[in-house]
Amino acid sequence: MHDLLRDLIKFAPMFLVWTVGVLLALFRWRCHPRVSALVATACVLSIVTTVAFTVAVHRVSEVARFGLVLGLAWACTSAVATGLLLWAALAREPKVSGP
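Residues numbered from 1 in each chain as written. Predicted model: local features only at pLDDT ≥ 70, side-chain atom pairs only at ≥ 80, totals over all residues. Heavy atoms only, no water.

Chemist: Give a detailed account of helix α2 (residues 12–27), specifying residues and quantitative values.
Modeler: With 16 residues, α2 should reach 22 Å at 1.5 Å per residue; the first-to-last C-alpha distance of 22 Å fits that figure. Those residues of α2 not exposed but buried are F15, W18, G21, V22 and A25. The arc that holds the buried residues of α2, viewed along the axis, is 120 degrees, so those residues lie on one side. In α2, the exposed positions angled more than 90 degrees off the buried face are occupied by P13, L16, L23, L24 and F27. On the buried face of α2, the contacting elements are α1 (2–9) and α3 (33–59). (Helix = DSSP H or I, 4+ residues; strand = E, 2+ residues; numbered from the N terminus. Expected span 1.5 Å × (residues − 1). Buried < 20%, exposed > 50% of the residue type's maximum accessible area, 1.4 Å probe, protein only. Arc of directions from axis to C-beta. Contact = heavy atoms within 4.5 Å.)

Chemist: Outline the packing of aromatic side chains, listing residues and values.
Modeler: With the rule as written, the count across this model stands at four aromatic pairs. Each ring, one from F11 and one from W74, has its centre 6.0 Å from the other, and the planes form 40 degrees; the classification is tilted. Residue F11 is found in the loop between α1 and α2, and its partner W74 is found in helix α4 (residues 63–90); the two are separated by 63 residues along the sequence. Here a set of aromatic residues connected by ring pairs shows up, and it is made of F11, F15, W18, F53 and W74. (Phe/Tyr/Trp six-rings, centres within 6.5 Å; stacked < 30°, edge-to-face > 60°.)

Chemist: Please provide a residue-by-residue account of the packing of α1 against α3, values included.
Modeler: Geometrically, a packed helix pair is captured by the angle between its two axes and the distance between the axes. Between α1 and α3, whose axes approach to 10 Å, the crossing angle comes to 145 degrees. At the point where α1 passes α3, the crossing takes the right-handed sense. For the pair α1 and α3, the contacting residues are D3, L4, D7 and L8 in the first and V51, T54, V55 and H58 in the second. Residues of the contact of α1 with α3, tallied by class, amount to four nonpolar, two polar and two charged. (Axes fitted to C-alpha atoms, helices over the stretch in contact; angles between N-to-C directions. Left-handed = near helix turned anticlockwise from the far one by under 90°. Nonpolar A, V, L, I, M, F, W, Y, C, P; charged D, E, K, R; others polar.)

These results come straight from atomic positions and should not be treated as a statement about function.
Below, the structure is given as structure tokens:
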């Protein structure tokens, strides 16, 4: 358990960035709902992926056997999260009419 916490603490800077990303997305949701939804989804996916795969590595007794599978799954989910962030950054937000 101590090793697991130590490994999760290594990701503390990223957890902070992703948490701020979620908070900013929630704060800006009214003005930019689609972009905010994409950013919030990507950040939550990144948090969940990091925790899940860190725990999985500690739970699997034969890491060498499953290392490739875990690494590939991590890379795929990270690619999805990064793709969502890029989509959010480059998507055109529809113009909002009103006051």
